[in-house]
Amino acid sequence: MKECRQDKEYGIINGEKKNRQAEVKRRTKETDISVMLDLDGTGKGSIDTGIGFFDHMLEGFAKHGFFDLRVKVEGDLEVDGHHTVEDTGIVLGTALREALGDKVGIKRYGSFLLPMDDALALCAVDLCGRPYFDYQCGFTAEKIGELDTELIREFFYAVSYSAGMNLHIKMLSGINNHHMAEAAFKAFAKALDEAVTKDTRITEVLSTKGSL
């Protein structure tokens with residue numbers, strides 16, 4: 001009899017998807033990354049990228065988007081954080097695309113205006129299958145913890161292109177760079193949560209073309 005191994009925390013049975021889940025692994029000479037994403041989760045995050053502040057941002061993304069997310073990264077941090085952050089975005093975007101499948105029944109669009117003390121971030125998402133990225137966030141610090149602030153753009157760019165999504169992120173106001181970064185990640189989480197949500201009125205895909 002075949003042994004049935006169940007991961008109760010993440011809903012995996014014998015390696016098969018229970019809900020809208022995907023597990024993606026990517027290994028290069030610069031990074032070794034594993035991501036497990038469940039779009040129908042409750043916000044559980046297990047994150048280890050080697051960059052503390054980046055971990056904190058991804059934990060917030062999982063929590064506020066109600067995604068279950070497991071991320072394990074071994075990167076060439078002795079060089080800098082660029083490959084670790086960008087490649088994590090590539091793998092997360094790929095996992096999102098795979099977890100969405102044919103996109104039947106999803107709202108497709110999502111947007112959120114999120115305040116974080118002095119910071120106010122706007123994020124809008126279209127899961128249209130066509131990548132486009134617009135980013136207007138004027139950080140004044142070079143680093144937040146061990147994360148280079150310029151890499152925040154690289155992360156979201158990689159996610160948008162790997163997932164095939166139209167993604168706009170704008171910082172409408174902000175003084176504290178920590179608050180600004182956190183507002184951006186949380187706004188993205190809330191907008192994406194809305195976009196992946198299923199609507200019973202949508203019986204196919206939300207497009208006159210018949211596919212996304």
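Only a predicted model underlies this, so the values are computations on that prediction, with no experimental measurement involved.

Student: Any details on the packing of helix 2 (residues 82-100) against helix 3 (residues 150-163)? Residues and values, ideally.
Tutor: Two numbers describe how helix 2 lies on helix 3: the axes approach to 7 Å, and their chain directions differ by 25°. The orientation of helix 2 relative to helix 3 falls into the category roughly parallel. In this structure, helix 2 crosses over helix 3, and the sense of that crossing is right-handed. Of helix 3, the residues touching helix 2 (which contributes H82, V85, E86, T88, G89, I90, L92, G93, T94, L96 and R97) are L151, E154, F155, A158, V159, S162 and A163. Tallied by class, the residues present in the contact of helix 2 with helix 3 amount to nine nonpolar, six polar and three charged.

Student: Now, about the sheet that holds strand 5 (residues 45-48): what can you tell me, with residues and values included?
Tutor: The strands making up a sheet associate through backbone hydrogen bonding, with each pair oriented either parallel or antiparallel. Taken together, the four strands give an open sheet; going across it, the order is 3-4-6-5, and neighbouring strands pair in mixed fashion. Two strands close off the open sheet at either side, each with one partner strand: strand 3 (21-27) and strand 5. Strand-to-strand, the axes of this sheet are offset by a mean angle of 5°, without reference to chain direction. For strand 4 (residues 31-38) and strand 6 (residues 68-75), the ladder comprises eight bridges, and the chain directions are antiparallel.

Student: Describe the state of the cysteines, listing the residues and the values that go with them.
Tutor: Throughout the structure, instances matching the rule amount to zero disulfides. C137 takes part in no disulfide bond, and the closest cysteine sulfur to it belongs to C123, at a distance of 9.4 Å.

Student: Got a sec to walk through the nonpolar core? Specific residues and values, please.
Tutor: Of all hydrophobic cores here, the largest spans 61 residues; its most connected members are V125, F156, M165, F188 and L192. Looking at this core, the element that brings in the most residues is helix 4 (residues 177-196), giving 12 residues.

Student: How would you sum up the sheet that holds strand 12 (residues 166-173)? Please name residues and give values.
Tutor: Strand order in the open sheet made by the four strands is 7-8-12-9, with mixed pairing throughout. On the outer flanks of this sheet lie strand 7 (109-116) and strand 9 (132-136), each paired with one strand and no other. Here the average twist between neighbouring strands, direction ignored, is 10°. When strand 9 meets strand 12, the two strands line up parallel, connected through five bridges. Along strand 12, the bridge assignment pairs D134 with H168. Its contacts with the sheet put helix 3 on strand 9 and strand 12, and the angle it makes with strand 9 is roughly 160°. Seen against the sheet, helix 4 touches strand 7, strand 8 (119-126) and strand 12 and runs at an angle of roughly 150° to strand 7.

Procedures and definitions
- Residues numbered from 1 in each chain as written.
- Predicted model: local features only at pLDDT ≥ 70, side-chain atom pairs only at ≥ 80, totals over all residues.
- Heavy atoms only, no water.
- Axes fitted to C-alpha atoms, helices over the stretch in contact; angles between N-to-C directions.
- Helix = DSSP H or I, 4+ residues; strand = E, 2+ residues; numbered from the N terminus.
- Parallel < 35°, antiparallel > 145°, perpendicular 65-115°, else oblique.
- Left-handed = near helix turned anticlockwise from the far one by under 90°.
- Contact = heavy atoms within 4.5 Å.
- Nonpolar A, V, L, I, M, F, W, Y, C, P; charged D, E, K, R; others polar.
- Pairing = 2+ DSSP bridges.
- Disulfide = S-S within 2.5 Å.
- Core = buried A, V, L, I, M, F, W, Y, C linked by side-chain atoms within 4.5 Å.
- Buried < 20%, exposed > 50% of the residue type's maximum accessible area, 1.4 Å probe, protein only.

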